[in-house]
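Overview (structure and organization)
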Amino acid sequence: QVQLVESGGGLVQAGGSLRLSCTASGSIRSIDVMGWYRQAPGKQRELVAHITSGGSPNYAASVMGRFTISRDNAKNTVYLQMISLEPEDTAVYYCHAGILDWTNTYSNYWGQGTQVTVSS
């Protein structure tokens, strides 16, 4: 069994900053890509950023230059540092990880979601 637990969401004013964290635990042999998605009310879930096991990041155009994704492989944790937040960043943010477990089964796992609200 594998779990992803997120933390760090909240309410912030436009221009402010937040840092999200997500830690994977359980029967983990290795973690491939880790990332963050978000879903705003009435919209589809969209990729925000992801990062490979080797540390190569990829960002959505809308967050480029404002968000930074990083990971600590020793802690099975991925972070999302968000600065210059805009009201359009308001959404539920979901952590994602591609994980190989000790039965050699590769699966995609999701966190429970954390709310980020940016007020104007």
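Here's what I pulled together on the structure shown here.

1. What to know about the nonpolar core
Ranked by size, the top nonpolar core spans 30 residues in total, and within it Trp36, Leu80, Met82 and Tyr93 carry the most contacts. Of all the secondary-structure elements, those providing two or more residues to this core are β1 (2-7), β3 (18-26), β4 (30-39), β5 (46-51), β7 (67-72), β8 (77-82), β9 (91-100) and β11 (114-119).

2. Quick look at the packing of aromatic side chains
For the structure on display, the rule yields 1 aromatic pair. With 5.0 Å between their ring centres and 65° between their planes, Tyr37 and Trp110 make a pair best called edge-to-face. Remark: Trp110 occurs in strand β10 (residues 106-110) and Tyr37 occurs in strand β4; sequence separation between them is 73 residues. With relative accessibility at 38%, the residue Trp110 sits in the partly exposed group. When the ring centre of Tyr79 is taken as reference, the NZ or CZ atom of Arg19 above it lies at 4.1 Å. One residue, Arg45, lies across the ring of Trp110, its end atom 4.8 Å from the ring centre.

3. Some points on the pattern of salt bridges
Any two side chains of opposite charge can pair, on the condition that their charged atoms come close. Applying the stated rule across the entire model yields 4 salt bridges. Residues Asp89 and Arg66 are paired through a salt bridge, measuring 2.8 Å at the closest nitrogen-oxygen approach. Here Asp89, found in the loop between β8 and β9, pairs with Arg66, found in the loop between β6 (57-59) and β7; they are 23 residues apart in sequence, far enough to count as distant. Assigned by exposure class, Asp89 and Arg66 land together as buried. Via salt bridges that share partners, Arg38, Glu46, Arg66, Glu86 and Asp89 belong to a single interconnected network.

4. Re the pairing of β10
Note that β9 and β10 share 5 bridges and pair antiparallel. Within β10, the position partnered with Gly98 by the bridge is Asn108. The turn linking β9 back onto β10 is made up of 5 residues, and Asn104 within it adopts a positive phi angle of 65°.

Conventions and cut-offs
- Residues numbered from 1 in each chain as written.
- Predicted model: local features only at pLDDT ≥ 70, side-chain atom pairs only at ≥ 80, totals over all residues.
- Heavy atoms only, no water.
- Core = buried A, V, L, I, M, F, W, Y, C linked by side-chain atoms within 4.5 Å.
- Buried < 20%, exposed > 50% of the residue type's maximum accessible area, 1.4 Å probe, protein only.
- Helix = DSSP H or I, 4+ residues; strand = E, 2+ residues; numbered from the N terminus.
- Phe/Tyr/Trp six-rings, centres within 6.5 Å; stacked < 30°, edge-to-face > 60°.
- Lys NZ or Arg CZ within 6 Å of the ring centre and 35° of its normal.
- Salt bridge = Lys/Arg side-chain N within 4 Å of Asp/Glu carboxyl O.
- Pairing = 2+ DSSP bridges.

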